[in-house]
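# Per-entry structural report
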Amino acid sequence: MFEAIAFYLFAFLTTLMFFITVTTSQALHALTALAAGMIFISAFFFILGADFLGAIQIVVYSGAVMALYAFGMMFFDTTREVKEKAGNKYIISGLSIVAAILVVLIFAAPMVTDNITALYPMTEGAGNTQEVGMVLFTKYLVPFEVAAVMLLVAMISGIVLAGKKMDLSLTLFSTAEIQDMKKDKEKRVLS
């Protein structure tokens, strides 16, 4: 009974936090709601008895990833409006489908093959952390390394893209100059 109540409570809170993340126009509110949603997801792991995964969810996603998001937000001027160019819908859809198929194949290949066996079988009395480590670094080593490379590529790409957009730094301007920039922007929008 307790598990059912906890599941529905955390499911509602997680959905609410991610809804706020998607619908809010304030970057800080979105980051805060995203961090809260990640913490609520870790509650599911604790309910299921996967303490290691719950702790990793909090440390990695709510801690490290949210810190990186907050650090990345410092590079962008959130007061300026972003105009996005719409690309070719067919190319975007096709690349998305190909990427999804590749991800499924990469993660499904080690699970399908029977010839991959753990070098060190699970021992009696091994804890949750030891079991996860043994499986992760034997059977699922290739997907683990591929995910690490993908995260590295994403981090380098984010740094490169953030560096290209930094033509003005609002921290170097006085308050009066920032107000003048806002007034000029409003005049351009109205005209």
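Values in this document were obtained by computation on a predicted structure and should not be read as measured data.

## Things to note about the nonpolar core
For soluble globular proteins, nonpolar side chains are generally found buried alongside one another. By size, the foremost hydrophobic cluster in this structure holds five residues: Leu31, Leu34, Ala35, Met38 and Met66. If we ignore the near neighbours within four places in the chain, the residues touching Leu34 are Phe18, Thr21, Met66 and Tyr69.

## Observations regarding the side chain of Thr14
Within the element layout of this structure, Thr14 appears in helix H1 (residues 2-23). Since its relative accessible area comes to 7%, Thr14 is described here as buried. From its side chain, Thr14 meets the backbone oxygen of Phe10 in a polar contact 2.6 Å long. Residue contacts for Thr14: discarding those within four places in its chain leaves Gly37, Phe40, Ile41 and Phe44.

## A short note on the packing of H1 against helix H2 (residues 27-47)
Two numbers describe how H1 lies on H2: the axes approach to 8 Å, and their chain directions differ by 160°. Regarding the angle of H1 to H2, the classification is roughly antiparallel. Handedness of the H1/H2 crossing: left-handed. In this structure, H1 uses Glu3, Ala6, Phe7, Phe10, Ala11, Leu13, Thr14, Met17, Phe18, Ile20 and Thr21 to contact H2, whose residues at the interface are Ala30, Ala33, Leu34, Ala36, Gly37, Met38, Phe40, Ile41, Ala43, Phe44 and Ile47. Looking at the contact of H1 with H2, its residues break down into 18 nonpolar, three polar and one charged.

## Concerning the packing of aromatic side chains
Under the defined criterion, the tally for this structure stands at three aromatic pairs. Aromatic side chains Phe7 and Tyr8 sit 5.3 Å apart centroid to centroid with 75° between the ring planes, which places their arrangement in the edge-to-face category. Considering the side-chain rings of Phe10 and Phe40, the 6.1 Å spacing of their centres and the 40° angle between planes classify their relative orientation as tilted. Of this pair, Phe10 sits in helix H1 while Phe40 sits in helix H2; the two residues are 30 residues apart in sequence, bridging distant segments of the chain. For Phe10, a relative accessible area of 23% gives the class partly exposed.

## With respect to a nonpolar patch on the surface
A cluster of nonpolar residues, Ile97, Val98, Ile101, Leu102, Val103, Leu105, Ile106, Phe107 and Met150, forms a patch on the protein surface that exposes about 790 Å² of accessible area. Per-element accounting of the nonpolar patch gives the leading share, eight residues, to helix H4 (residues 89-112). With respect to the secondary-structure elements, Leu105 resides in helix H4. Under the relative-accessibility criterion, Leu105 is labelled exposed at 53%.

Rules and cut-offs
Residues numbered from 1 in each chain as written. Predicted model: local features only at pLDDT ≥ 70, side-chain atom pairs only at ≥ 80, totals over all residues. Heavy atoms only, no water. Core = buried A, V, L, I, M, F, W, Y, C linked by side-chain atoms within 4.5 Å. Buried < 20%, exposed > 50% of the residue type's maximum accessible area, 1.4 Å probe, protein only. Contact = heavy atoms within 4.5 Å. Helix = DSSP H or I, 4+ residues; strand = E, 2+ residues; numbered from the N terminus. Polar contact = N/O pair within 3.5 Å; in protein donor to acceptor, adjacent residues only side chain to side chain. Axes fitted to C-alpha atoms, helices over the stretch in contact; angles between N-to-C directions. Parallel < 35°, antiparallel > 145°, perpendicular 65-115°, else oblique. Left-handed = near helix turned anticlockwise from the far one by under 90°. Nonpolar A, V, L, I, M, F, W, Y, C, P; charged D, E, K, R; others polar. Phe/Tyr/Trp six-rings, centres within 6.5 Å; stacked < 30°, edge-to-face > 60°. Patch = residues over 30% accessible without salt bridge, like charges linked within 9 Å, V, L, I, M, F, W, Y side chains within 5 Å. Areas by Shrake-Rupley, 256 points an atom, 1.4 Å probe, with all protein chains shown as cover. Salt bridge = Lys/Arg side-chain N within 4 Å of Asp/Glu carboxyl O.

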